Amino acid sequence: MIIAVDGPTASGKGAIAKALAAHFDLPHLDTGLLYRAVARQVQLNDGDPGNESDAVKACEFDNELLEDPFLRSEKIGGVASRVSAHNTVRQALFERQRAFASQPGGAILDGRDIGTVIAPNADVKLFITASVQARAMRRWLEMNDREIDIPLVEIEQDIVARDNRDISRKDAPLRAAEDAWIIDTSDMNKEDAIASAVKVVDDWKAAQ
Ligand code: DC
């Protein structure tokens, strides 16, 4: 079984994908982390994320970089969104994601273009979304927990900028596949969001 989980930043797609992987005992790939590693490598190379050849060169990052906790920061997320707009970067990361999706026994991948480009043949496609306000509030609470002081409005602006960049890029823009199940988590807590995703997969399995 291949499960594709797509959606914008802070929609809850990562938590849902992780929970589905544990529940259905499937290997999971967070594809955003690959773009984040490219972003970090551009910085380590003193490159410019807007420069295509700097970004492509950074695709040859060492796998150890994927363990770097700094990859999870908001700042790297923004740079990742910039490097991901280069088609050549997307091509460089394509095979790795496609191979993961096609492994025997199936897999779960989360990202922006899994249901549309990486695994258009996925058995179940989920598109996780939520209002900008709900997503910003989640991020703000997370940051508050980590004692990072940042105004809510700044997070909102960042989310809108990142959404716009991910939606409007020419190649593999963020969008729901036509056959995706849309889950709007704006008014859901984490447990409810996970339960509704598990139900979609269970219903699909029952129909087989
Ligand atoms: O899911 P994330 O926040 O870790 O992703 C960081 C950026 O990487 C995101 O803004 C766009 C890019 N990305 C992408 O273009 N395609 C994917 N499949 C995953 C992430």
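A quick note: this is a predicted structure, and the numbers were derived from the prediction, not measured.

Thresholds, definitions, all that
The residue count restarts for each chain, going from 1 along the sequence in the order it is written. Note on the predicted model: pLDDT of at least 70 is required for a residue's local features to be given, and 80 or more for side-chain atom pairs to be given and counted; whole-chain, interface and lining totals, by contrast, use all residues. Computation of side-chain values: all heavy atoms of the structure, hydrogens and water removed. For the purposes of this entry, the term helix denotes a DSSP run of H or I that reaches at least four residues, the term strand denotes a run of E that reaches at least two, and both are numbered from the N terminus. Atoms considered for the radius of gyration are the C-alpha atoms alone. The globule rule reads 2.2 Å times the number of residues to the power 0.38. Exposure classes here rest on a 1.4 Å probe applied to the protein chains alone. A residue is buried below 20% of its type maximum, exposed above 50%, and partly exposed in between. Contact definition: two residues touch when any of their heavy atoms are within 4.5 Å. The protein chains shown are the only cover counted for residues, whose accessible areas, like all others here, come from Shrake-Rupley with a 1.4 Å probe. A positive count includes Lys and Arg, and a negative count includes Asp and Glu. His and the chain ends are not counted in either. Charged side chains are reduced to one point each, which is NZ for Lys, CZ for Arg, CG for Asp and CD for Glu. By convention in this text, a residue qualifies as near a molecule or strand provided that one of its non-hydrogen atoms is within 4 Å of it. Between N or O atoms, a polar contact is any pair within 3.5 Å; within protein, one atom must be a potential hydrogen donor and the other a potential acceptor, and residues adjacent in sequence are included only when both atoms are from side chains. In what follows, salt bridge is the name for a side-chain nitrogen of Lys or Arg lying within 4 Å of a carboxyl oxygen of Asp or Glu. The set of buried Ala, Val, Leu, Ile, Met, Phe, Trp, Tyr and Cys residues whose side-chain atoms join them within 4.5 Å is what this entry labels a nonpolar core. What makes two strands pair is DSSP finding at least two bridges between them. One less than the number of residues in a helix, times 1.5 Å, gives the span that helix is expected to have. It is the directions from the helix axis to the C-beta atoms whose arc is reported.

Chemist: So what about the overall build of the protein? Which residues, and what values?
Modeler: Within the protein one finds nine helices and five strands. Each helix and strand of the protein, ordered N terminal to C terminal, gives the series β-α-β-α-α-α-α-β-α-β-α-α-β-α. The globule rule puts the C-alpha radius of gyration for 208 residues at 17 Å, and the 17 Å found for the protein is close to it. Summarising its shape, the C-alpha atoms of the protein cover approximately 50 × 40 × 30 Å along the three principal directions. Counting only residues that meet the buried cut, the protein has 46% of its 208 residues in that class. Summarising the internal contacts of the protein: among those between residues at least 6 apart in sequence, 77% fall at separations of at least 24. When the accessible surface of the protein is totalled, it reaches about 10500 Å², and 50% of it is carbon and sulfur. The distance from the centre of the 25 positive side-chain charges to the centre of the 35 negative ones in the protein is 2 Å.

Chemist: Pulling in residues and values, what's your account of the site of the ligand?
Modeler: Neighbouring residues of the ligand: 15 residues in total, closest Arg36, Arg90, Arg112, Arg162 and Asp166. Interatomic distance of 3.1 Å between a side-chain N/O atom of Lys13 and an oxygen atom of the ligand. One of the side-chain nitrogen or oxygen atoms of Arg112 is found 2.8 Å away from an oxygen atom of the ligand. Starting from 440 Å² of accessible surface for the ligand in isolation, the protein chains cover 96%. Elements supplying a minimum of two residues to the shell around the ligand: α2 (31–44), α4 (74–83) and α8 (152–168).

Chemist: Could you give me a rundown of the pattern of salt bridges, with the residues and numbers involved?
Modeler: Two side chains that carry opposite charge are able to pair once their charged atoms sit near each other. Within this structure, the stated rule accounts for ten salt bridges. Between Asp166 and Arg112 there is a salt bridge whose closest N-O contact spans 3.2 Å. Of this pair, Asp166 sits in helix α8 while Arg112 sits in the loop between β3 (107–111) and α6 (114–118), and the two are 54 residues apart along the sequence. Per residue, the accessibility class of Asp166 equals that of Arg112, and both read buried.

Chemist: Run through the nonpolar core, naming residues and quoting values.
Modeler: Counting residues in each nonpolar core, the largest one holds 30 residues, and the members touching the most others are Val38, Phe61, Val89, Leu93 and Leu109. Of all the elements in the fold, those that place two or more residues in this core are β1 (2–6), α2, α4, α5 (87–101), β3 and α6. Ranked by the residues each element gives to this core, the list is headed by α2, at seven residues. Val89 has contacts with Tyr35, Val38, Ala55, Val56, Cys59 and Val83, leaving out every residue within four places of it along the chain. Within the second largest apolar cluster, 20 residues are counted, among which are Val5, Phe24, Val124 and Val201.

Chemist: Outline the pairing of β1, listing residues and values.
Modeler: When you tally the buried positions in β1, you get five out of five residues, the bulk of the element. Burial along β1 is two-sided: Ile2, Ala4 and Asp6 and Ile3 and Val5, pointing in opposite directions, are all buried. By the bridge criterion, four bridges tie β1 to strand β4 (residues 124–129) in an arrangement that is parallel. Paired with Ala4 across the strands is Lys125, a residue of β4.

Chemist: Please give an account of α8 that cites residues and values.
Modeler: Between its terminal C-alpha atoms α8 stretches 24 Å, which fits the 24 Å expected from 17 residues at 1.5 Å a residue. Among the residues of α8, Ile155, Ile159, Arg162, Asp163 and Asp166 are the ones counted as buried. Angularly, the buried residues of α8 cover 105° about the axis, an arc narrow enough to put them on a single face. Those residues of α8 that are exposed and angled more than 90 degrees off the buried face are Gln157 and Ser168. Each element contacted by the buried residues of α8 is listed here: α2, α4 and α7 (132–145).

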